[in-house]
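If you want the building blocks of each chain, they are given just below.
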Amino acid sequence: MKVFKKFTVTALTAVIAVTASFAGVAAAADSLKGKITVNGSTALLPLTLQAAKEFQKLHPKVKIAASGKGSVTGPQAVKKGIADIGACDWDASMDVPGFKAFEGQVANKVAVIPFATIVNKNVGVDNLTTEQLKGIYSGKITNWKEVGGSDADIVVITRSFGSGTRVNYQAKALAGGDIVKKEKNYKETGSSGDMKTAVGTTPNAIGYIDLVYVTGGDIKAVKYNGVAASTDNVINGSYKIWAYGYYMTKGQPTGATKEFINYVQSKKFQQGSLKKLKFIPISAMQ
Amino acid sequence: MKRVNNLTNSKWLSSALASALLVTAASGSVSAASASNSGKISANNVKPAVSAVSKVKEGTTAWTVNGTQVTFNTIDSSGYKLYSLTQVADVLGASFVHGAGGIELNDSRGLHTIQLKTGSKNYQLDGSPFTFTVAPVVHKGKTYVELTKLVNGLGGELQVNPNTILGSARPIGEFDSLHWNSDGSIIANKSDAEATQIFKFNTDPGKYDLFTSNAGATDFSVSADHRWGAFNDETGQLNLIDLTSGLMKKLGTDTTVKTDLIWSLDGKKIYFIQGDKQEKISQISVETGVVTEVLADKVDNKSELRISADEKQALYIVNVTGVAKNDADSTEDSLTVDYSKAGEQLFKLELGIKGAKPVALTTTPDNKLYPEILADGSIVFLSADPDGTALNKLKLVKADATLSDIALDIEVYWSAKVGSGLVVSGVALDGSTHIYSITAAGAKTELYSTTKDVTEIAVSADGSKLAIIIEGKILVIQNAKAVQLTK
């Protein structure tokens, strides 16, 4: 039964002796082209690069160049006109503690990012309350024995000013409480990877990080008000330390930028690669 | 964006189309009847449902049902051709019973029920009311009904010119993630479904089953013998799925982020990019589940991993990021971003040489896709110009690092290694899509061409068939015929 007569079919007389699996997406004739630049959140960078790889298979002539330097640099780069998309862990079109709204920018939700409080593996505490965390990060609680642990100074590790993880952690985990710089037992890191390394290599350290980074034996996540940091608990509403990740654009996105954002927001990407990179689809929270 | 072409020129009839067809045949008499519950219409139980007995024409019509020629008895009723219910039901494997309330038919899968009464245009399909154009009638003790509504109601599909019936209708919708398994079936994801539905298709239209509803298995990497698929779920856990039975099992306990799963040729190992930032290459033993590090060079953003057939070489892309700089206070004024070196670059690693370092194969700013290692150790990849001024090309990097183009009469949009050569897909100047096989020596054979856009391609395990997706529909190309498996 030949359904479509327009097709020209050449007999497949044994295509080739197949010795390897072969299947894949094939872009069709495609006129979309151009360069998309993305800067901002280091947490969102793996997601951006994975999406870029898949998007380019659909649109081979679109170049996507990405960089990560912390969330605030996303909308800053868009404002300065040096990036088309600003990857940011908060809605930068609105005021948040420490940062004014970026006027004229549009926030495009792309992912849900859970965050976790982490400690060095030598720390015996497995649960911290909001008040205890506020005490630790404000400098009022300095010893693990004050929160049920052993007698050891707490080493506070935080992300640098401008980090989206920091903005969200302050807003959600610390309920708006301050992170007070200290002379000793205090360190700031510039990226999620550096945070993981710092907490993992510093005995008695505490920090916070995107949940995706909580792997390996040197760090462990602690419960927040008795609730474990997990994607299930984010989705069921019992775990509160999470945020949407956004692609900020100057006005409504257009052209290749719009198509790329549409792809990142598509069911295929959200339910596929995004989940396998351990982000949560935006639809799970709506 | 892709061209959008109208694919709705199928001759297959939907249930909404009129089904009764005019007939020319010998004459006879028509009467309505109730029936016995014996499975056969009993002349003794015939009761007049219509008062008038009129002259009708008897006849026969030939159809191909599930590939077999069948001749159905027909009658002409009120200018429409009606078909023997018994014959049609038998040939479709449907069961039917007769009672005082009418006739009830059930399809062979137990999915659909039709309840009808002779002499009445009203009938029930799966509990919902519908209407015949012409009421079923009894003629010489046998019930005759409209063919299309009967076939569609029983879950089948009907085509005219030539007259063809499928006992099970092809599924409707959009599909993606095509794969072949070792027994010659096609596995594909129904991409427009609310919940995950992954189907397994026989290459005969209308023969398909739900393969799995596991959302993680929407796409997977297929072993060289097409018996197993591998995928990791949202926890990072690797899973294997038997591509014939659909049974799954976990592989190992590692839950780190994994992308680009690639089976070794012998099916004993799966290589993958590992880490939150795709910074490592590792492999897992399929037998033991033990993960072994292959490369940890602290270079992030690896992807598109390929392993040579002899497992002596790895090929991958590093997505080089731009460099953003600012001051300690993250001031806007201080922010600069340099994208001049951002983009994909190919790297090769000699796995057979202990301590070998990755070697950069490219430095150019073009987009690089579909890298492959050929049997002679040379590298092929698709090069796309982001400025849009040059056509996409296949580039060849020989063992001595010399770079050349592979000349083709199409703009290439997709390429994959198959056996010792390549299968490529691209678009000619007239806009038509062509799929070629290319041998290692450069000989080109056209496998298929179409005026439509082909968005996915998969080659069967024995290399004799192609499965492709055009506008979300699955087609199989075999024996010089294109057969559409979905609609």
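Here the structure is a predicted model, which is why all the values come from computation and not from measurement. (Residues numbered from 1 in each chain as written. Chains lettered and ligands numbered in written order. Predicted model: local features only at pLDDT ≥ 70, side-chain atom pairs only at ≥ 80, totals over all residues. Heavy atoms only, no water.)

Trainee: Would you explain the sheet that holds strand 35 (residues 393–397) of chain B in this entry?
Mentor: Strands in a sheet are paired, the pairing made by backbone hydrogen bonds, and the direction either parallel or antiparallel. Residues and elements named next belong to chain B. The strand order across the open sheet built from 4 strands is 33-34-35-36, with neighbouring strands paired in antiparallel fashion. Where the open sheet ends on each side, the last strands, each with one partner, are strand 33 (367–373) and strand 36 (403–406). Within the sheet, the average angular offset between the axes of one strand and its neighbour, ignoring direction, is 30°. Note: strand 35 against strand 36, 4 bridges, orientation antiparallel. The partner of Val397 across the bridge, within strand 36, is Leu403. (Pairing = 2+ DSSP bridges. Helix = DSSP H or I, 4+ residues; strand = E, 2+ residues; numbered from the N terminus. Axes fitted to C-alpha atoms, helices over the stretch in contact; angles between N-to-C directions.)

Trainee: Which parts of the structure should I look at to understand the pattern of salt bridges?
Mentor: Side-chain pairs of opposite charge can arise where the charged atoms are in close proximity. Tallied over the full model, the rule gives 26 salt bridges over all chains. Among the ionic pairs, B:Glu304 bridges to A:Lys57, the shortest N-O distance being 2.9 Å. With one member in each of two chains, B:Glu304 in strand 27 (residues 302–307) and A:Lys57 in helix 1 (residues 45–58) form a pair that bridges those chains. With respect to burial, B:Glu304 and A:Lys57 carry one shared label: buried. (Salt bridge = Lys/Arg side-chain N within 4 Å of Asp/Glu carboxyl O. Buried < 20%, exposed > 50% of the residue type's maximum accessible area, 1.4 Å probe, protein only.)

Trainee: Honestly, the pairing of strand 11 (residues 219–224) of chain A in this entry has me stumped. Any pointers?
Mentor: Each regular strand carries side chains that alternate between the two faces of the sheet. As defined by bridge partners, strand 6 (residues 105–120) of chain A adjoins strand 11 of chain A across 4 bridges and the pair is classed as antiparallel. For A:Val119, the partnering residue across the bridge sits in strand 11 of chain A and is A:Lys220.

Trainee: Could you clarify how one ought to interpret the interface of chain B and chain A in this entry?
Mentor: Contacts between chain B and chain A engage 113 residues on the former and 75 residues on the latter. Summing both partners gives a buried area of about 7,800 Å² for chain B against chain A, and 56% of it is carried by carbon and sulfur. Linking chain B with chain A are 6 salt bridges, by the criterion used here. Note that A:Lys61 and B:Glu411 form a salt bridge whose closest N and O atoms lie 2.7 Å from each other. Our count for the chain B to chain A interface comes out at 22 residue pairs in polar contact (both at pLDDT 80 or more). Along the lines of polarity and charge, the residues of the side of chain B that touches chain A split into 44 nonpolar, 39 polar and 30 charged. (Contact = heavy atoms within 4.5 Å. Buried area = accessible area lost by both parts, 1.4 Å probe. Polar contact = N/O pair within 3.5 Å; in protein donor to acceptor, adjacent residues only side chain to side chain. Nonpolar A, V, L, I, M, F, W, Y, C, P; charged D, E, K, R; others polar.)

Trainee: Before we go on, may I ask you to explain empty space enclosed by the protein in this structure?
Mentor: Summed over the entire model, instances satisfying the criterion amount to 3 cavities of 30 Å³ or more. Looking at the largest cavity, its volume works out to about 170 Å³. What lines the largest cavity is a set of 18 residues, among which A:Leu49, A:Lys53, B:Ser303, B:Ile317 and B:Asn319 lie closest to the centre. Secondary structure elements with two or more residues in the lining of the largest cavity: helix 1 of chain A together with strand 23 (258–263), strand 27, strand 28 (313–320) and strand 33 of chain B. The leading source of residues in the lining of the largest cavity is helix 1 of chain A, at 6 residues. A per-class count over the lining of the largest cavity returns 4 nonpolar, 7 polar and 7 charged. (1 Å grid on protein atoms, 1.4 Å probe; cavity = no way out; pocket = protein on both sides within 12 Å on 5 of 7 lines; lining within 4 Å. Points joined across faces, edges and corners; volume = space filled by probe spheres on them.)

Trainee: Would you mind showing me how to read the packing of helix 1 of chain A against helix 7 (residues 255–265) of chain A here?
Mentor: Helix packing for two helices is described by the angle between their axes and how far apart those axes are. All names here are of chain A. Where helix 1 meets helix 7, the closest approach of the two axes is 10 Å, and the angle between their N-to-C directions is 110°. Judged on the interaxial angle alone, helix 7 and helix 1 are roughly perpendicular. With respect to the hand of their crossing, helix 1 and helix 7 are arranged in right-handed fashion. Across from Leu47, Thr48, Ala51, Ala52, Glu54, Phe55 and Leu58 in helix 1, the residues of helix 7 making contact are Ala256, Glu259, Phe260, Tyr263 and Val264. Classifying every residue of the contact of helix 1 with helix 7 gives 9 nonpolar, 1 polar and 2 charged. (Parallel < 35°, antiparallel > 145°, perpendicular 65-115°, else oblique. Left-handed = near helix turned anticlockwise from the far one by under 90°.)

Any functional reading would require information that these geometric values do not contain.
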